[in-house]
Amino acid sequence: MKGYSRITGTGSCLPPHRVSNEALAAQLARDGVETSDAWIVERTGIRARHFAAAEVVSSDLALVAARAALEAADCDAASIDLIIVATSTPDMIFPSTACIVQNKLGVHGCAAFDVQAVCSGFVYALTVADSMIRTGAASKALVIGSEVFSRILDFKDRTTCVLFGDGAGAVVLEASDRPGILATELRADGRHANILCTPGTVAAGKVLGHPWLRMDGPAVFKLAVTVLEDAARSVLAKADRTEADIDWLIPHQANIRIMQSTARKLKLAPERLIVTVDEHGNTSAASIPLALDESVRSGKVKPGDTVLLEGVGGGFTWGAVLLDF
Ligand code: ACO
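Every chain's residues receive numbers from 1 upward, in the order its sequence appears when written. Local features in a predicted model are, by the rule used here, given only for residues with pLDDT of at least 70; side-chain atom pairs are given and counted only at 80 or more, and totals for whole chains, interfaces and linings are based on all residues. Hydrogens and water are ignored here; the side-chain numbers use all heavy atoms of the structure.

Some details on the nonpolar core
- Each nonpolar core is a collection of buried residues, namely Ala, Val, Leu, Ile, Met, Phe, Trp, Tyr and Cys, held together in the definition by side-chain atoms within 4.5 Å. In this scheme, a residue with accessible area under 20% of its type's maximum is buried, one over 50% is exposed, and one in between is partly exposed, where area comes from a 1.4 Å probe on protein chains only. Membership of the largest hydrophobic core comes to 46 residues, with the highest contact counts inside it found for Val 162, Leu 308, Val 312 and Phe 316.
- Secondary-structure elements contributing two or more residues to this core are helix H1 (21-29), helix H7 (217-238), helix H8 (256-265), strand E14 (306-313) and strand E15 (317-324).
- By residue number, the principal contributor to this core is H7, which donates nine residues.
- Working rule for contacts: check all heavy atoms of both residues, and any pair within 4.5 Å makes them a contact. Residues within four places of Phe 316 in sequence aside, it is in contact with Arg 187, Ala 188, Asp 189, Gly 190, His 192, Ala 193, Ile 195, Val 220, Leu 223, Ala 224 and Val 227.
- Grouped together as the second largest cluster of nonpolar side chains are 32 residues, Ile 7, Ala 129, Leu 309 and Leu 323 included. Where helices and strands are cited, they refer to DSSP runs of H or I of at least four residues and of E of at least two residues respectively, numbered from the N terminus.

Some thoughts on the pairing of E14
- Burial analysis of E14 places eight of its eight residues in the buried class, which makes it a mostly covered element.
- Neither face of E14 is exposed, since Thr 306, Leu 308, Glu 310 and Val 312 on one face and Val 307, Leu 309, Gly 311 and Gly 313 on the opposite face are all buried.
- Here the rule is simple: two strands pair whenever DSSP picks up at least two bridges between them. The sheet contact formed by strand E13 (residues 248-251) and E14 spans four bridges and is parallel. Directly across from Ile 250, in E14, lies its bridge partner Leu 309.

Let's talk about the packing of helix H3 (residues 58-72) against helix H4 (residues 97-105)
- Running from N to C, H3 and H4 point in directions that differ by 55°, and their axes come no closer than 9 Å. When the axes of H3 and H4 are compared, the pair comes out oblique. Crossing handedness for the pair H3 and H4: right-handed. Across from Ser 58, Ser 59, Asp 60, Ala 62, Leu 63, Arg 67 and Leu 70 in H3, the residues of H4 making contact are Thr 97, Ile 100, Val 101, Lys 104 and Leu 105. To get an axis, a line is fitted to the C-alpha atoms, and for a helix only the part in contact is used. The angle between two axes follows their N-to-C directions and goes from 0 to 180 degrees. Oblique is the label for every angle not falling under 35 degrees (roughly parallel), over 145 degrees (roughly antiparallel), or within 65 to 115 degrees (roughly perpendicular). In a left-handed crossing the near helix is turned counterclockwise from the far helix by less than a right angle, and in a right-handed crossing that turn is clockwise.

Some remarks on the packing of aromatic side chains
- Stacked, tilted and edge-to-face are the three classes assigned to paired rings of Phe, Tyr and Trp, where Trp is represented by its six-membered ring and a pair needs centres within 6.5 Å; plane angles under 30 degrees give stacked, over 60 edge-to-face, the rest tilted. Across all of its chains, the model carries three aromatic pairs by this definition.
- With centroids separated by 5.9 Å and ring planes inclined at 85°, the aromatic side chains of Phe 51 and Phe 155 adopt a geometry described as edge-to-face. Separated by 104 residues along the polypeptide, Phe 51 in the loop between strand E3 (48-50) and H3 and Phe 155 in the loop between strand E6 (140-148) and helix H6 (158-161) bring together distant segments of the chain.
- Look at Phe 155 and you get partly exposed, because its relative accessible area is 22%.
- Placement of a positive charge over a ring is assigned whenever Lys NZ or Arg CZ falls within 6 Å of the ring centre and within 35 degrees of the normal to the ring plane. Positioned above the aromatic ring of Trp 248 is the side chain of Arg 272, whose terminal nitrogen or guanidinium carbon lies 4.4 Å from the ring centre.

Focus on the side chain of Ser 88
- For Ser 88, the position within the fold is in the loop between strand E4 (82-86) and H4.
- Take Ser 88: its relative accessible area is 19%, and that puts it in the buried class.
- Polar contacts, as counted here, are pairs of nitrogen or oxygen atoms within 3.5 Å of one another; within protein the pair requires one atom able to donate a hydrogen and one able to accept it, and residues that are adjacent in sequence qualify only if both atoms are side-chain atoms. Of note is the side chain of Ser 88, whose polar atom sits 3.4 Å from the side chain of Gln 116.

Description of the sheet that holds strand E5 (residues 111-115)
- The mixed open sheet is built from five strands, whose spatial order is E1-E7-E6-E4-E5. Of all the strands in the sheet, just strand E1 (4-13) and E5 have a single pairing partner and so form its edges. If you compare each strand with its neighbour and ignore which way they point, the axes differ by 20° on average.
- Across five bridges, the pairing between E4 and E6 is parallel. By the bridge assignment for E6, Ala 86 is matched with Gly 145.
- Docked against the sheet, H3 engages E1, E6 and strand E7 (166-176), running at close to 125° with respect to E1.
- Lying on the sheet, helix H10 (residues 287-297) is in contact with E1, E6 and E7; it crosses E1 at an angle near 90°.

Digging into the site of the ligand
- As a matter of local geometry, the ligand sits amid 23 residues, with Thr 35, Arg 43, Arg 158, His 252 and Asn 255 nearest to it.
- The backbone of Arg 158 places a nitrogen or oxygen atom 2.9 Å from a nitrogen atom of the ligand.
- Between Asn 282 and the ligand, the recorded distance is 3.1 Å, taken from a side-chain N or O atom to an oxygen atom.
- Only helix H2 (37-44), H6, H7 and H8 provide two or more residues apiece to the shell around the ligand.
- Tallying contributions element by element places H7 first for the shell around the ligand, with four residues.
- Lys, Arg, Asp and Glu make up the charged group, whereas Ala, Val, Leu, Ile, Met, Phe, Trp, Tyr, Cys and Pro make up the nonpolar group; the residues left over, Gly among them, are polar. Of the residues assigned to the shell around the ligand, the class counts are 12 nonpolar, seven polar and four charged. Residues are counted as near a molecule or strand when any one of their heavy atoms sits within 4 Å of it.

Dropping the structure here:
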């Protein structure tokens, strides 16, 4: 049995419909909701996001990202023995989006399940896949983050609807004799469940509760900056590395101010921080693999680079993965 897991390919998918801040502000203004490009850019760093067409579901975006990752890894879908999809906007209550993706890929029989850890979902899913590979339960995994957050946005609530977008990212993770993933850390604190939630469910044939995303932005901000620093220090210590070893920081892309604050605390030069939030908005579980794929394809992240992935989001959940690419 091989002792490690490594990322051997990345892929992503953004729906073609790009919505700039100006276009969103004009659309919201028609419903009497006031916002501006200046406010959104100054508070979040977001300039645009992509929204999926009405008929497009998470598994559609996931499929495109998965195929791109398989191609990059030079890997046949039939050789995949584990599919994990991180999503909070699944196609259905059940079956899992991972099972739907498996079927769309035309491969059948391998383990497939979803992970629900909101914006930390990809870091959770990657950690589970790494653990399963290292114990021999799987040897070649597709790990996907995919979201259509536009479906759960209340476009009458300017404090949330300007922040999120749709998209997907994927990696192929394979068993390897040399490390790839060096250390992982997953954390959660359910006492903060109410600061970021979509508190609805389906029962008795109806939506019960509230079907739109709700957030206490300042409370999330405060918690996020603290836990991201802790998670980074924890994985570095576990891997016996220091901040100086980090070539690239790819944090969850929610808000440029949270991301820059984390980079500063880790004493990283600003150019070591991968930023896609400006063009993607917050795509929840998709944000990290989307940013990873963009930085690999643009030639920033190269084989051998040390990369720190960090997720934080509803639950409250957070975590980090340190890896040699
Ligand atoms: N356009 C214009 N004005 C707005 C908007 C908007 N879209 N949204 C809020 N405002 C107004 C508020 O009404 C308030 O007005 P008031 O002072 O007259 O009451 C003012 O702007 C300031 O509001 P705050 O909520 O205090 O603004 P803040 O500087 O905290 O920024 C933000 C809000 C961007 C949400 C910030 O708190 C944040 O980024 N928090 C982190 C949350 C986050 O990143 N969430 C993503 C999901 S969670 C995750 O992925 C980690």
